[in-house]
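Observations on chain architecture
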Amino acid sequence: MIRFNVPPFTGHEMDYIKQAVENQKICGDGEFTAKCNTWLEEKTGSRKALLTTSCTHATELAAILADIRPGDEVIMPSYTFVSTADAFVLRGATAVFTDIRPDTMNIDENLIEAAITEKTKAIVPVHYAGVSCEMDKIMEIAKKYNLKVIEDAAQGIMSEYKGKALGTFGEFGCFSFHETKNFSMGEGGALLIRDEENIENAEIVREKGTNRAKFFRGQIDKYTWVDKGSSYLPSELNAAYLYAQLEMADEITKDRMDTWNHYYEGLKGLKDEGRIELPFVPEHCRHNAHMFYLKARDLEERTKLIAFLKENDILSVFHYVPLHSAPAGLKFGRFNGEDRFTTKESERLLRLPLYYGLKEEQTEYIIGKVKEFYKG
Ligand SMILES: *Cc1c(COP(=O)(O)O)cnc(C)c1O
């Protein structure tokens, strides 16, 4: 059976975890967390990166820092993971869903302005499959209407828009290191902070509302409760696991990219015949091979293809069920404008196995089976 995902493992994780244990520091913000934060800052060019317990939590942290309150509205695509909406709904905001572009499956930047009301506080672009949203346009709208931008870059590590790392455009950027992402720590994530003025507050909210980070840096001689907060820092054991992968980030990315390109070349014939559609990466975007998907004609064809691949020992999966039609979406959100593509495109999309270490023969076998399905 070819699994859909296998969590990344480079071989150095156990050594680093052992080191953390031997350091007798397994709670948060030790040596490995610091190393991960520094790596993220250097790699992305962000002023500040803070490891968190998940991308969901990084987004919650961002929503607190952006002062999202009951009655506020936050614009986001409906085609996304629940966390994108949850983080804001938890603060009492309404999720205002807009339609996506069918080519990238990202929020349609040309529909954002029409969704803005007096209550709008933020825009949350989601960089689907590690392919950037149109950030120039989004930042221009945010500036014009004085809105915050919080990037859901859960899938976007190592990706760029016009040469700049995803997660560094908005006030806040959120990464995920869940086991299904390019680099993992089991459960975990990171918050990127663009502006100096938000750094201290972020450290405080992340550490239960205390100024403990300042204390550790020797800037104050005792720490205390200074604001509202929660606990968003991961254990050193998880950070140690992640650091082993960040060190090999280029190799992991290259391996994934090879698989991605192999799929693309192998399935291009079917695309040219108009049988399927393949991912689109705009010229000015550099992606990270987070995901390889194809689009079948419709839901029925996709269901048959998933079953056919399964009969042939290949696990493929569909992706998001649009949030606006989910029970909580009906309660906590509304769709602005017309759903031209969100539902229709989400029903056609099928993700093929893609993980660090997937073998070339396996990719070749999968390509062969997809072709066989369409020839049959
Ligand atoms: C994975 C993912 C998340 C959630 O990440 P966690 O680290 O599991 O909280 C949020 N948004 C998107 C788009 C994702 O793909």
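Let me begin by describing the structure that accompanies this report.

Rules used in this analysis
Residues numbered from 1 in each chain as written. Predicted model: local features only at pLDDT ≥ 70, side-chain atom pairs only at ≥ 80, totals over all residues. Heavy atoms only, no water. Helix = DSSP H or I, 4+ residues; strand = E, 2+ residues; numbered from the N terminus. Rg over C-alpha atoms; globule rule 2.2 N^0.38 Å. Buried < 20%, exposed > 50% of the residue type's maximum accessible area, 1.4 Å probe, protein only. Contact = heavy atoms within 4.5 Å. 1 Å grid on protein atoms, 1.4 Å probe; cavity = no way out; pocket = protein on both sides within 12 Å on 5 of 7 lines; lining within 4 Å. Points joined across faces, edges and corners; volume = space filled by probe spheres on them. Nonpolar A, V, L, I, M, F, W, Y, C, P; charged D, E, K, R; others polar. Pairing = 2+ DSSP bridges. Axes fitted to C-alpha atoms, helices over the stretch in contact; angles between N-to-C directions. Near = heavy atom within 4 Å. Polar contact = N/O pair within 3.5 Å; in protein donor to acceptor, adjacent residues only side chain to side chain. Areas by Shrake-Rupley, 256 points an atom, 1.4 Å probe, with all protein chains shown as cover. Sits in = over half its atoms within 2 Å of the grid points. Core = buried A, V, L, I, M, F, W, Y, C linked by side-chain atoms within 4.5 Å. Salt bridge = Lys/Arg side-chain N within 4 Å of Asp/Glu carboxyl O.

Structural notes on the overall build of the protein chain
When helices and strands are tallied, the protein chain shows 14 helices and 13 strands. The C-alpha radius of gyration of the protein chain comes to 21 Å, within 12% of the 21 Å expected for a compact globule of 376 residues. The buried share among the 376 residues of the protein chain stands at 56%. Nonlocal contacts in the protein chain, meaning residues at least 24 apart in sequence, comprise 71% of its contacts between residues at least 6 apart.

Looking at empty space enclosed by the protein
In this structure the tally under the stated criterion is three cavities of 30 Å³ or more. Computed from the structure, the largest cavity encloses a volume of approximately 60 Å³. In this structure, the largest cavity is lined by Thr104, Tyr128, Ala129, Val131, Trp260, Pro279, Phe280, Val281, His287, Met291 and Tyr293. Looking at the lining of the largest cavity residue by residue, the class counts come to nine nonpolar, two polar and no charged. By volume, the second largest cavity amounts to about 40 Å³. Surrounding the second largest cavity, Arg101, Thr104, Asn106, Ile107, Glu109, Ser132, Cys133, Glu134 and Pro282 form its lining. Each residue belonging to the lining of the second largest cavity can be placed in one class, and the counts come to three nonpolar, three polar and three charged.

Structural notes on the sheet that holds strand E12 (residues 333-335)
Overall, mixed pairing links the eight strands, which are arranged E1-E9-E8-E5-E4-E2-E3-E12 in an open sheet. Looking at the sheet topology across the chains shown, the edges are occupied by strand E1 (48-52) and E12. Neighbour-to-neighbour, the strand axes of this sheet turn through a mean angle of 25°, independent of strand direction. Relative to E12, strand E3 (residues 94-98) is paired through three bridges, and the arrangement is parallel. Bridge pairing in E12 links Ala95 to Gly333. Seen against the sheet, helix H2 (residues 31-44) touches E1, strand E8 (172-176) and strand E9 (189-193) and runs at an angle of roughly 135° to E1. Here helix H4 (residues 82-89) sits on the sheet and contacts strand E2 (73-77), E3 and strand E5 (148-152); the angle it forms with E2, its principal contact strand, is near 180°.

Looking at the site of the ligand
Taken together, 14 residues sit near the ligand, with Thr56, Asp152, Gln155, Ser176 and Lys181 positioned nearest. At 2.8 Å from a nitrogen atom of the ligand is found a side-chain nitrogen or oxygen belonging to Asp152. At a separation of 3.2 Å, an oxygen atom of the ligand approaches a polar side-chain atom of Lys181. Here the ligand, which alone exposes 380 Å², has 93% of that area covered by the protein. The pocket occupied by the ligand, as judged from atoms lying within 2 Å of grid points, is the largest pocket. Partitioning the shell around the ligand into residue classes produces five nonpolar, seven polar and two charged.

Focus on the side chain of Glu203
Along the chain, the position of Glu203 falls in helix H7 (residues 196-206). With relative accessibility at 8%, the residue Glu203 sits in the buried group.

A short note on the nonpolar core
Ranked by size, the top nonpolar core spans 31 residues in total, and within it Ile68, Val74, Met76, Phe88, Phe172 and Leu191 carry the most contacts. Going through the elements one at a time, helix H3 (55-65), E2, H4, E3, E8, E9 and H7 are the ones with two or more residues in this core. Leave out the neighbours within four places in its chain, and Phe88 touches Thr59, Ala63, Ile68, Val74, Met76, Ala93, Val124 and Ile150. With 28 residues, the next largest nonpolar core counts Ile2, Met257, Tyr264 and Phe308 among its residues.

Some remarks on unusual backbone geometry
Located in the positive-phi region is Asp67, a residue other than glycine, with phi close to 60°. Following the sequence through the fold, Asp67 ends up in the loop between H3 and E2. Despite not being glycine, Met105 shows a phi value in the positive range, around 70°. Looking at the element boundaries, Met105 is found in the loop between E3 and helix H5 (112-115). Take Met105: its relative accessible area is 1%, and that puts it in the buried class.

As for the pattern of salt bridges
Throughout the structure, instances matching the rule amount to 31 salt bridges. Two residues, Glu207 and Lys208, come together in a salt bridge whose shortest N-O distance is 3.1 Å. Residue classification places Glu207 among the buried positions, given a relative accessible area of 5%. The class for Lys208 is partly exposed, based on a relative accessible area of 36%. In this structure, a network of salt bridges that share partners links the residues Glu277, Lys295, Lys344, Glu345 and Arg348.

Looking at the sheet that holds strand E7 (residues 164-165)
Read across the open sheet, the three strands follow the order E7-E6-E10; overall the sheet is antiparallel. Of all strands in the sheet, those with a lone pairing partner are E7 and strand E10 (285-286), marking the two edges. Direction of pairing for strand E6 (residues 160-161) relative to E10: antiparallel, over a ladder of two bridges. Bridge assignment links Tyr161 to a residue of E10, and that residue is Cys285.

Function cannot be inferred from these measures alone, as they are strictly geometric.
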